[in-house]
Amino acid sequence: MLISSAHIQEGIRKLGAELTEIYAGRRIVVIPLLRGGFMFAADLIRNMDVDLQIEFLGAASYGEQTRSSGEVRLTLDTTLPLSGRDVLLVEDIVDTGLTLAYIQKLIKSRNPASLRTVVLLDKKARRQVDVEVYGCVFSIPDRFVFGYGLDSPGGYGRNLPDIVTLKD
Ligand code: 5GP
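So, a few notes on the structure that sits alongside this text. (Residues numbered from 1 in each chain as written. Predicted model: local features only at pLDDT ≥ 70, side-chain atom pairs only at ≥ 80, totals over all residues. Heavy atoms only, no water.)

## Remarks on the pairing of strand S1 (residues 27–34)
Then comes step 1: For S1, the tally of buried residues reaches six of eight residues, placing the bulk of the element in the interior.
Then comes step 2: Bridging between S1 and strand S2 (residues 51–54) involves four bridges; their strand directions are parallel. Among the inter-strand pairings, Ile 28 is bridged to a residue of S2, identified as Leu 52.
Then comes step 3: Note that the unit made of S1, helix H2 (residues 38–45) and S2 has a crossover that is right-handed.
Then comes step 4: Summarising the sheet, S1 and strand S3 (residues 57–60) pair through two bridges and their orientation is parallel. Bridge pairing links Leu 34 to Gly 58 in S3. (Buried < 20%, exposed > 50% of the residue type's maximum accessible area, 1.4 Å probe, protein only. Helix = DSSP H or I, 4+ residues; strand = E, 2+ residues; numbered from the N terminus. Pairing = 2+ DSSP bridges. Right-handed = clockwise from strand over helix to strand, strands pointing away.)

## Overview of the site of the ligand
Then comes step 1: By nearness alone, 17 residues border the ligand, and Thr 96, Gly 97, Thr 99, Val 145 and Asp 151 come closest of all.
Then comes step 2: Between the ligand and Asp 92, the relevant distance is 3.2 Å, taken from an oxygen atom to a side-chain nitrogen or oxygen of the residue.
Then comes step 3: Separating a nitrogen atom of the ligand from a backbone N or O atom of Asp 151 is a distance of 2.8 Å.
Then comes step 4: Elements represented by at least two residues in the shell around the ligand include exactly strand S5 (86–94) and helix H3 (98–108).
Then comes step 5: The element best represented in the shell around the ligand is S5, accounting for four residues.
Then comes step 6: Along the lines of polarity and charge, the residues of the shell around the ligand split into seven nonpolar, four polar and six charged. (Near = heavy atom within 4 Å. Polar contact = N/O pair within 3.5 Å; in protein donor to acceptor, adjacent residues only side chain to side chain. Nonpolar A, V, L, I, M, F, W, Y, C, P; charged D, E, K, R; others polar.)

## Points about H3
Then comes step 1: Those residues of H3 that fall on the buried side of the exposure criterion are Thr 99, Leu 100, Ile 103, Gln 104, Leu 106 and Ile 107. What you see down the axis of H3 is that its buried residues fit within an arc of 160°, all on one side. (Arc of directions from axis to C-beta.)

## What to know about a nonpolar patch on the surface
Then comes step 1: Residues Ile 54, Phe 56 and Leu 76 make up a contiguous nonpolar surface patch of roughly 230 Å² in combined accessible area.
Then comes step 2: Along the chain, Ile 54 turns up in strand S2. (Patch = residues over 30% accessible without salt bridge, like charges linked within 9 Å, V, L, I, M, F, W, Y side chains within 5 Å. Areas by Shrake-Rupley, 256 points an atom, 1.4 Å probe, with all protein chains shown as cover. Salt bridge = Lys/Arg side-chain N within 4 Å of Asp/Glu carboxyl O.)

## Describing the nonpolar core
Then comes step 1: If you look at the biggest cluster of nonpolar residues, it comprises 30 residues, and the most contacted ones within it are Phe 40, Leu 44, Leu 88, Leu 120 and Leu 121.
Then comes step 2: The set of elements that each furnish at least two residues to this core consists of helix H1 (5–22), S1, H2, S5, strand S6 (114–122), strand S7 (135–139) and strand S8 (145–146).
Then comes step 3: In contact with Leu 121, not counting residues within four places along its chain, are Ile 3, Asp 92, Ile 93, Val 94, Phe 138, Ile 140, Val 145, Leu 150 and Ile 163.
Then comes step 4: With 17 residues, the next largest nonpolar core counts Val 29, Val 87, Leu 115 and Val 131 among its residues. (Core = buried A, V, L, I, M, F, W, Y, C linked by side-chain atoms within 4.5 Å. Contact = heavy atoms within 4.5 Å.)

## Concerning the environment of Ile 28
Then comes step 1: Structurally, Ile 28 can be placed in strand S1.
Then comes step 2: With relative accessibility at 1%, the residue Ile 28 sits in the buried group.
Then comes step 3: With 102 residues separating them along the chain, Ile 28 and Asp 130 place their C-alpha atoms 25 Å apart.
Then comes step 4: If we skip the residues at most four places from it in the chain, Ile 28 touches Tyr 23, Met 48, Val 50, Asp 51, Leu 52, Gln 53, Arg 85, Asp 86 and Leu 88.

Rendered as structure tokens:
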């Protein structure tokens, strides 16, 4: 086990409180990036006392491997107009940064009033492109992880409450 459920919830509570202050009095759009970001987003928004709408974006880059292919595909798009809106993008993990770079560019092309990105996990050592990340709950080493919304190489394990890593 790399990060326990209790530890995850503690980190999310802090980030939720911070975002509550930042967005006080605003009506925002929260976009969990599917599939991995759904569990983090579900817990994060319950720790945010902010008027918010939910939209979903889906991106895939992994296939069955434990390394990013670098090729990002949009698998699901938003339905609300994002122009003039304050957008909070919620992602499970940033690795090479290619997925976030692609998605941030897409959202910015729709002229939001603001765009912030929060990620649960950051594998800084693997970054290939610079991406703007407002908040990261945990920095982790270069290990393949799953659980708490992230899948194992076979596509299972998203329902584990903790974040775990494969044995060497
Ligand atoms: P990037 O484009 O930054 O290289 O990769 C981001 C995407 O790759 C994430 O949205 C996630 O789906 C996947 N990913 C990166 N590292 C891991 C990992 O350790 N475990 C899992 N399950 N997915 C990962």
